[in-house]
Amino acid sequence: MSVRVRFAPSPTGFMHVGNARTALFNYLFAKHNRGKFILRIEDTDLERHSEEAVKVIYEALKWMGIKWDEGPDVGGNYGPYRQSERREIYKEHIEKLKEKGLVYECFCTTEELEKMRKEQLERGEPPRYTGKCRNLTEEEKEKLRKEGRKPVLRFKVPKDRIIKFKDLVKGEIEISSNQLGGDFVIVRSNGMPVYNFVVVVDDALMEISHVIRGEDHISNTPKQILLYEALGFKVPQFAHLPMILGSDRSKLSKRHGATSVKEFKEKGYLPEAFVNFLALLGWYPKDGKEVLSMEELIERFEIKDVNSAPAVFDTTKLNWLNQVYIRQYPLNKLTELTIPYLKKAGLNPENFPREWLEKVIGVVREYFTTLSDAPKYAELFLRDDIEIEPEALKFLQEEPKRVEVIKLFYEKLKGLNGEIEQESFKALVKEVGKELKAKGKNLFMPIRIGITGKTSGVELPILAELLGKERLIKRLERSLSQLKEIA
RNA sequence: GUCCCCGUCGUCUAGCCAGGCCUAGGACACCGGCCUUUCACGCCGGCGACGCGGGUUCGAAUCCCGCCGGGGACGCCA
């Protein structure tokens, strides 16, 4: 049997990390089994659907490196891939159920149903539809219609049936049909069929072999199995992924902070790190290797290794992974991705030769965890109008000799023949130290401050070489004049 | 309330199905040391968990029962 899985998000305008993980696991499962990964847009609820929102889904998946074999934009033999375009197909199958006498019209209004639910809850009963309209006569229906009521279509849930299915993650699950909340709606009063119905029709017609989705769908599964059977379809295999929780162990939501894929992209996480992190949320490779590329993930991914317990979404590990990926990323690509962050911080990376910029990124990448940290470190290289930080100033003022160190270093640098590089820089510092009898912190820190205005940063010789003599001199002059003003 | 799912270090997890190799392993975080005349990186080390109670067994994180705790679902949302 060939493997066909689908990711079927509803276009809400943002891609939640939970959805992203569902997509990823579907993708990994499909590719591991040389199967197809299908994208289907669940937009039956018309009011909520918009073109823009569909684009958000495409972009998130693309960013993550997930490619779909069939979908609304790329086509395929099982289309259309948008539920809003499949109405005729649904109609056909609804007719089938009508003919079999498995559905009936229900005229209860939303308010009536809500009231009923509330009362049931107050009595401590589970909320359920009582089947009030199940045996309406034609005359009664006519009367209700005349009142202006538009009926919904409900599916007749059989009594006392135990519905069983083998979940690939959770194991055997069984539930009584009496527990389903009564006859459920499959067509709204406006004629649009409801999720539980269309998902069955679509999955069956698209020949989906494995339905892999979030755990919150477990309670829908028995209803859907009933529909598969009623429609004469083969029931697919199910796999319900554990929930992703917030730090307080409740379902992850916006109040827990960043939860959309876009936010992670904007914060400067690399897609490879993000995907790697998501994969580790509820799944673990047999060989224990944790830093894995998409190819390596595909190679190792087994649905049976998915943990059945929910996972807390904690980004500390993501941060670590991002650091790892930043350090091993191709330098030209990393530079490309970093430039927008530098610009946003008011720096002008374009004023410098690309080759030189890459060298700079190559040095500072060791220091940052996300791309948005880049300006903080790259600033040292990209702007010369530095100001001495208060902390640094305090350090210099504690000991007059410290300022002398800067002055002498400046003089010596000016007298230097040719361009400066790491070795000559070190030699120069050494000379200054000898002449002024300064060493350790008293020697290096003033020079650092003279050049950068800060008390910490990248290694001085490297910084000096990349900056070059001319810029070093300019910076030292600037710092010196700042010190003079204060004195 | 009812049903369903889940419960191993702070977090992600390995081990559980096929009980002894588990004085419970790894990763991240945290703490300490080394390296670096700063910070970071790197290296070394440390802290730290089987929810509780019964039972079965020579032996239980692993099997059984109960309890407790957490989560989810109960929509003309998906």
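K.L.:
So what about the nonpolar core? Which residues, and what values?
P.N.:
Within soluble globular proteins, side chains that are nonpolar tend to cluster in buried spots. Counting residues in each nonpolar core, the largest one holds 113 residues, and the members touching the most others are Leu24, Met64, Phe381 and Phe409. At ten residues, helix H19 (residues 460–486) tops the list of elements feeding residues into this core. Each of two domains, domain 1 (87–241) and domain 2 (390–482), supplies a minimum of three residues to this core. Not counting residues within four places of it along the chain, the set of residues in contact with Phe381 comprises Phe352, Trp356, Val360, Val363, Val364, Val458, Leu463, Leu466, Leu467, Arg471 and Arg475. Grouped together as the second largest cluster of nonpolar side chains are 35 residues, Ile94, Val157, Phe197 and Leu227 included.

K.L.:
Pulling in residues and values, what's your account of the side chain of Arg4?
P.N.:
Structurally, Arg4 is set in strand E1 (residues 4–7). In terms of polar contacts, Arg4 uses its side chain to reach the backbone carbonyl oxygen of Met206, at 2.8 Å. For Arg4, the residues in contact, after removing those within four places along its chain, are Lys36, Ile38, Glu70, Tyr78, Met206, Glu207, Ile208, Ser209 and His210.

K.L.:
Can you break down the protein's contact with RNA strand B residue by residue, with the values?
P.N.:
Near RNA strand B you find 60 residues, and of these Gly124, Arg188, Glu290, Gly440 and Phe444 are the closest. The share of sugar and phosphate among atoms of RNA strand B within 4 Å of the protein is 70%. Between RNA strand B and Tyr284, the relevant distance is 3.5 Å, taken from a base nitrogen to a side-chain nitrogen or oxygen of the residue. Residue Glu290 places a side-chain N or O atom 2.4 Å away from a sugar or linking oxygen belonging to RNA strand B. Listed by contribution, the elements that provide at least two residues to the surface near RNA strand B are helix H4 (110–122), strand E4 (152–155), strand E6 (171–176), strand E11 (311–312), helix H11 (316–328) and helix H18 (441–452). At four residues, the largest contribution of residues to the surface near RNA strand B is made by H11. A per-class count over the surface near RNA strand B returns 20 nonpolar, 18 polar and 22 charged.

K.L.:
Give me the lowdown on the domain arrangement of chain A, citing residues and values where you can.
P.N.:
According to the domain assignment, chain A contains domain 1 (87–241) and domain 2 (390–482). One C-alpha centre belongs to domain 1, the other to domain 2; they are set 76 Å apart.

K.L.:
A description of the packing of helix H1 (residues 17–32) against helix H9 (residues 271–279) should follow, citing residues and the corresponding values.
P.N.:
Running from N to C, H1 and H9 point in directions that differ by 85 degrees, and their axes come no closer than 10 Å. Put simply, H1 runs roughly perpendicular to H9. Taken together, the residues of H9 that come into contact with H1 (itself represented by Val17, Ala20, Arg21, Leu24 and Phe25) are Phe274, Val275, Leu278 and Ala279. Here the contact of H1 with H9 is built from residues that sort into eight nonpolar, no polar and one charged.

K.L.:
Just give me the short version of H9, but keep the residues and values in it.
P.N.:
Counting buried residues along H9, eight of its nine residues qualify, which places the element largely inside the surrounding structure. Those residues of H9 lying buried are Pro271, Ala273, Phe274, Val275, Asn276, Phe277, Leu278 and Ala279. In this structure, the buried residues of H9 make contact with H1, helix H2 (51–64), helix H8 (261–267), helix H10 (294–300) and H11.

K.L.:
Residue-level account of helix H3 (residues 87–99), with values.
P.N.:
Its 13 residues give H3 an end-to-end C-alpha distance of 18 Å, which sits within 8% of 18 Å, the value for a rise of 1.5 Å per residue. Buried within H3 are the following residues: Ile89, Tyr90, His93, Ile94 and Leu97. Buried residues of H3 fall within an arc of 135 degrees about the axis and therefore sit on the same side. Residues of H3 that are exposed and angled more than 90 degrees away from the buried face: Glu88, Glu92 and Glu99. Residues of H3 that are buried in the fold lie against strand E3 (103–106), E4, strand E7 (184–187), helix H6 (195–205) and helix H7 (221–231). In the segment just after H3, Gly101 is the residue with positive phi, at about 70 degrees.

K.L.:
Give me the packing of aromatic side chains: which residues, what numbers.
P.N.:
Inspection of every chain in the model, using the stated rule, returns 14 aromatic pairs. Judged by centre distance (5.7 Å) and plane angle (55 degrees), the ring pair of Phe264 and Tyr269 falls under tilted. Judged by its relative accessible area of 2%, Phe264 falls in the buried class. Residue class for Tyr269 comes out buried when judged on its relative accessible area of 8%. Of the aromatic side chains, those joined through ring pairs into one cluster are Trp63, Phe264, Tyr269, Phe274, Phe277 and Phe313. In this arrangement the basic side chain of Arg154 is found over the ring face of Tyr129, its NZ or CZ atom lying 3.5 Å from the centre. Just above the ring of Phe184 sits the side chain of Lys223; from NZ or CZ to the centre is 5.6 Å.

Conventions we followed
Residue positions are counted from 1 within each chain, in the order its sequence is given. To label them, take the chains in the order written and letter them from A, then take the ligands in the order written and number them from 1. It should be noted that, the model being predicted, local features are given only for residues of pLDDT at least 70 and side-chain atom pairs only at 80 or more, the latter also being counted only at that level, while totals for whole chains, interfaces and linings use all residues. The basis for every side-chain value is the complete set of heavy atoms in the structure, and neither hydrogens nor water enter the calculation. Throughout, nonpolar core names a set of buried Ala, Val, Leu, Ile, Met, Phe, Trp, Tyr and Cys residues whose side chains join them through atoms within 4.5 Å. Working definition: with a 1.4 Å probe on protein chains only, accessible area under 20% of the residue-type maximum means buried, over 50% means exposed, and in between means partly exposed. Helix numbers and strand numbers start at the N terminus; a helix is a DSSP run of H or I with at least 4 residues, a strand a run of E with at least 2. As used throughout, domain bounds are those supplied by an automatic or database domain assignment. The criterion used for residue contact is that any of the two residues' heavy atoms lie within 4.5 Å. Between N or O atoms, a polar contact is any pair within 3.5 Å; within protein, one atom must be a potential hydrogen donor and the other a potential acceptor, and residues adjacent in sequence are included only when both atoms are from side chains. The criterion for a residue being near a molecule or strand is simple. One of its heavy atoms has to lie within 4 Å of it. Gly falls in the polar group here, along with every residue not listed as nonpolar (Ala, Val, Leu, Ile, Met, Phe, Trp, Tyr, Cys, Pro) or charged (Asp, Glu, Lys, Arg). Axis geometry follows a simple rule: fit a line to the C-alpha atoms, using only the stretch in contact for helices, then measure angles between N-to-C directions, giving values from 0 to 180 degrees. Each angle is binned into one of four classes, with values under 35 degrees roughly parallel, values over 145 roughly antiparallel, values of 65 to 115 roughly perpendicular, and all other values oblique. The span one expects for a helix is its residue count, reduced by one, times 1.5 Å. This arc is built from the directions going out from the helix axis to the C-beta atoms. Here a Phe, Tyr or Trp ring, Trp counted by its six-membered ring, pairs with any other such ring whose centre lies within 6.5 Å, and the pair is stacked when the planes are under 30 degrees apart, edge-to-face when over 60, and tilted otherwise. A positively charged side chain is recorded as over a ring if its NZ (Lys) or CZ (Arg) lies within 6 Å of the ring centre. The angle to the ring normal must also be within 35 degrees.

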